[in-house]
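One letter stands for each residue in the lines below.
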Amino acid sequence: MQNNIALVDDDRHILTSISIALEAEGFKVRSYADGSEALRGLTVQPADLVVLDIKMPRMDGMELLRRLREDSNVPVIFLTSKDDEVDELLGLRMGADDYIKKPFSQRLLIERIRALLRRERSAKEETSTTNEAPIVRGELVLDPGRHLCTWKNGQVNLTVTEFLILRALAQRPGHVKNRDQLMDAAYGEHIYVDDRTIDSHIKRLRKKFKEVDDDFGQIETLYGVGYRYKDG
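Residues numbered from 1 in each chain as written. Predicted model: local features only at pLDDT ≥ 70, side-chain atom pairs only at ≥ 80, totals over all residues. Heavy atoms only, no water.

K.L.:
Looking at this model, I keep getting lost on the packing of aromatic side chains. Mind explaining?
P.N.:
To describe a pair of aromatic rings, one takes the distance between the centres and the angle between the planes. Scanning the entire structure with this criterion turns up 3 aromatic pairs. Taking the centre distance of 6.2 Å and the plane angle of 80 degrees together, the rings of Trp151 and Phe209 count as edge-to-face. Placement of the pair is Trp151 in strand E8 (residues 148-151) and Phe209 in helix H8 (residues 195-212), with a sequence separation of 58 residues. We classify Phe209 as buried; its relative accessible area is 1%. Measuring from centroid to centroid gives 5.0 Å for Trp151 and Phe216, while their planes differ by 90 degrees, and the two rings are edge-to-face. One end of the pair, Trp151, is in strand E8; the other, Phe216, is in the loop between H8 and strand E10 (219-222), with 65 residues separating them in the sequence. On the basis of relative accessible area, Trp151 is assigned to the buried category, the value being 6%. Aromatic rings pair up to connect Trp151, Phe209 and Phe216 into one cluster. (Phe/Tyr/Trp six-rings, centres within 6.5 Å; stacked < 30°, edge-to-face > 60°. Helix = DSSP H or I, 4+ residues; strand = E, 2+ residues; numbered from the N terminus. Buried < 20%, exposed > 50% of the residue type's maximum accessible area, 1.4 Å probe, protein only.)

K.L.:
Help me understand the sheet that holds strand E5 (residues 98-102) in this model?
P.N.:
Pairing between the strands of a sheet comes from backbone hydrogen bonds, and it takes one of two forms, parallel or antiparallel. One open sheet holds the 5 strands; their spatial order is E2-E1-E3-E4-E5, and the pairing between them is parallel. Looking along the sheet, the strands with just one partner apiece sit at the ends: strand E2 (28-32) and E5. Adjacent strand axes in the sheet meet at a mean angle of 20 degrees, parallel and antiparallel pairs treated alike. Sheet contacts for helix H2 (residues 35-44): strand E1 (4-8), E2 and strand E3 (49-53); angle to E2, the most-contacted strand, approximately 135 degrees. (Pairing = 2+ DSSP bridges. Axes fitted to C-alpha atoms, helices over the stretch in contact; angles between N-to-C directions. Contact = heavy atoms within 4.5 Å.)

K.L.:
It is not clear to me how the nonpolar core should be interpreted in this structure. Could you clarify?
P.N.:
Here is a general trend for soluble globular proteins: nonpolar side chains tend to be buried in one another's company. Of all hydrophobic cores here, the largest spans 45 residues; its most connected members are Ile5, Leu22, Ile113, Leu140, Cys149, Leu166 and Phe209. Broken down by element, the residue count for this core peaks at 6 residues, all from helix H6 (residues 160-170). If near-sequence neighbours (up to four positions away) are discounted, Cys149 is found in contact with Leu140, Val141, Leu142, Gly154, Gln155, Val156, Leu158, Phe163, Leu166 and Phe209. (Core = buried A, V, L, I, M, F, W, Y, C linked by side-chain atoms within 4.5 Å.)

K.L.:
It is not clear to me how the pairing of strand E7 (residues 140-143) should be interpreted in this structure. Could you clarify?
P.N.:
The side chains of a regular strand alternate between the sheet's two faces. Pairing geometry for strand E6 (residues 135-137) and E7, over 3 bridges, is antiparallel. Considered in E7, the bridge of Val136 is made with Val141. Linking E6 to E7, which pair antiparallel, is a turn of 2 residues; within it Gly138 sits at a positive phi near 65 degrees. Where E7 lies against E8, 4 bridges are found, and the strand directions are antiparallel. The partner of Leu142 across the bridge, within E8, is Cys149. Counted between consecutive antiparallel strands, the loop separating E7 from E8 contains 4 residues, among which His147 sits at a positive phi close to 45 degrees.

Rendered as structure tokens:
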């Protein structure tokens, strides 16, 4: 089955060149020149993954991501200029899965797309076939078979990346996981993402739990070491 990739960028040259490269790799591609056009198109025809520029007219990438995350966990890769560190971090905290700086290698983008799609496929297969019992840690319940997370009986809606990071931490409460270990848990062993990507996903996780319980503090930071799920 062909995977459907949505490209959103106001630079026509980038849309054309990436589309040609992805189609040569067997992907089905739909291109959009701005966020408003993409939101309309994705509402009618959802994609398997979205490659999204940040700075666009009419509706920028941040607003489009926010709108998408209202009812979709579709994987999103941000395209950023090399000086947009603030935008990169904000995008990750809003729920993007990865980012790539412009100018970038098309081969790198294709590898990142394939890695995220493999992870999504594996997660769906695990959800449909797993016999893994829910992980219960006090008020936390993680059910991999249903991709369901609750805290104090309140549902916490997590992306696949967030769910995998939290599961890695909650499986062994009290044990520290460094960023490389969390990277492997969330993305697989054959893809590298920046350390800040993991940090931003942790901040996103905390924010989502605090929306359910303002006193949530189970995910602890050990500066210079990593993160752990609080024991007890």
